[in-house]
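Here's the letter readout for the chains.
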Amino acid sequence: FYNVSADASFFRFAESGAYLTFFLLGDYTQYFDAPSVGYEEFFSCSAQAVTPLGTQDELGGEFSYLYQHQVVDVSETEAVLTRMLVDGHTYTLRPHWKHTWSPAWAVQLEVGGLRQLYGKDLSDYWETATRLSLIHKYGHRSEISIGYEPKHIWYDDREQFDSAGVAMPGTSLY
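Quick look at the structure, then.

Cut-offs used in this document
Residues numbered from 1 in each chain as written. Predicted model: local features only at pLDDT ≥ 70, side-chain atom pairs only at ≥ 80, totals over all residues. Heavy atoms only, no water. Phe/Tyr/Trp six-rings, centres within 6.5 Å; stacked < 30°, edge-to-face > 60°. Helix = DSSP H or I, 4+ residues; strand = E, 2+ residues; numbered from the N terminus. Buried < 20%, exposed > 50% of the residue type's maximum accessible area, 1.4 Å probe, protein only. Pairing = 2+ DSSP bridges. Salt bridge = Lys/Arg side-chain N within 4 Å of Asp/Glu carboxyl O.

Before going further, it helps to examine the packing of aromatic side chains. Inspection of every chain in the model, using the stated rule, returns eleven aromatic pairs. Geometrically, the ring pair formed by Tyr2 and Tyr28 is tilted, given 6.3 Å between the ring centres and 50° between the ring planes. Linking Tyr2 in strand β1 (residues 2-13) with Tyr28 in strand β2 (residues 19-30), this pair joins segments that are 26 residues apart in sequence. Taking the centre distance of 6.0 Å and the plane angle of 40° together, the rings of Phe13 and Tyr19 count as tilted. Residue Phe13 is classed as exposed on the basis of its relative accessible area, which comes to 54%. Ring pairing ties together the aromatic residues Tyr2, Tyr28, Phe32 and Tyr39, which thus form one cluster.

If you want it as structure tokens, here you go:
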């Protein structure tokens, strides 16, 4: 096989403490002895913007996009443990608010939404999540955090499965 990959990044910092970042990553692998797969592609990009609001608060957000044409273990979202060639697009938006109440402590609230679109064989879905984090700053530009993040997935057209892994026609998995 052969593999080609490239990445790029951009950072912009303002005197106000605001910043803007962009990341791009692309990867292509061609297989010579795997005709069922042939090749795999992966492309990812993200943009993040953050701006301070006074001395204790900040608002920000991140948008990311992912394209994949890869062999993936789909057992997390499918009823059977299997690997398959996946062709899909993922769009994610995660705005956040952060409040610092002392030089060493802060709390952050993030609300995220994700849309997963697959070419075929897999169910498209929406995913939402809310994360609450407690952040402790220590040392020189170092921090540690702990958080809680419940999430929910809504499938577009996925049926429920019984305990034996057999699809139950006429049902819907939310």
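Sheet topology places β2 next to strand β3 (residues 39-53); twelve bridges connect them, and they run antiparallel. Residue pairing in the sheet places Leu25 in a bridge with Ser44 of β3. Note: β3 against strand β4 (residues 57-73), 13 bridges, orientation antiparallel. Residue pairing across strands places Ala47 opposite Phe63, the latter belonging to β4.

The next subject is the pattern of salt bridges. Here the structure, examined in full by the defined rule, presents five salt bridges. Here Arg94 ties to Glu149 by a salt bridge, and the two come within 3.5 Å at their closest N and O atoms. Of this pair, Arg94 sits in strand β5 (residues 83-100) while Glu149 is found in the loop between β8 (142-148) and β9 (151-155), placing the two residues 55 residues apart along the sequence. Look at Glu149 and you get partly exposed, because its relative accessible area is 34%. Ionic pairing is found between Glu127 and Lys151, a salt bridge with its closest N-O pair at 3.8 Å. Placement of the pair is Glu127 in strand β7 (residues 125-138) and Lys151 in strand β9, with a sequence separation of 24 residues.

This part is about the pairing of β5. Across 17 bridges, the pairing between β4 and β5 is antiparallel. When the bridges of β5 are listed, Leu66 appears paired with Thr90. When β5 meets strand β6 (residues 105-118), the two strands line up antiparallel, connected through eleven bridges. When the sheet's bridge partners are listed, Thr92 is paired in β6 with Leu114. Turn length for the β5-β6 hairpin, with the two strands adjacent in sequence and antiparallel, is four residues.

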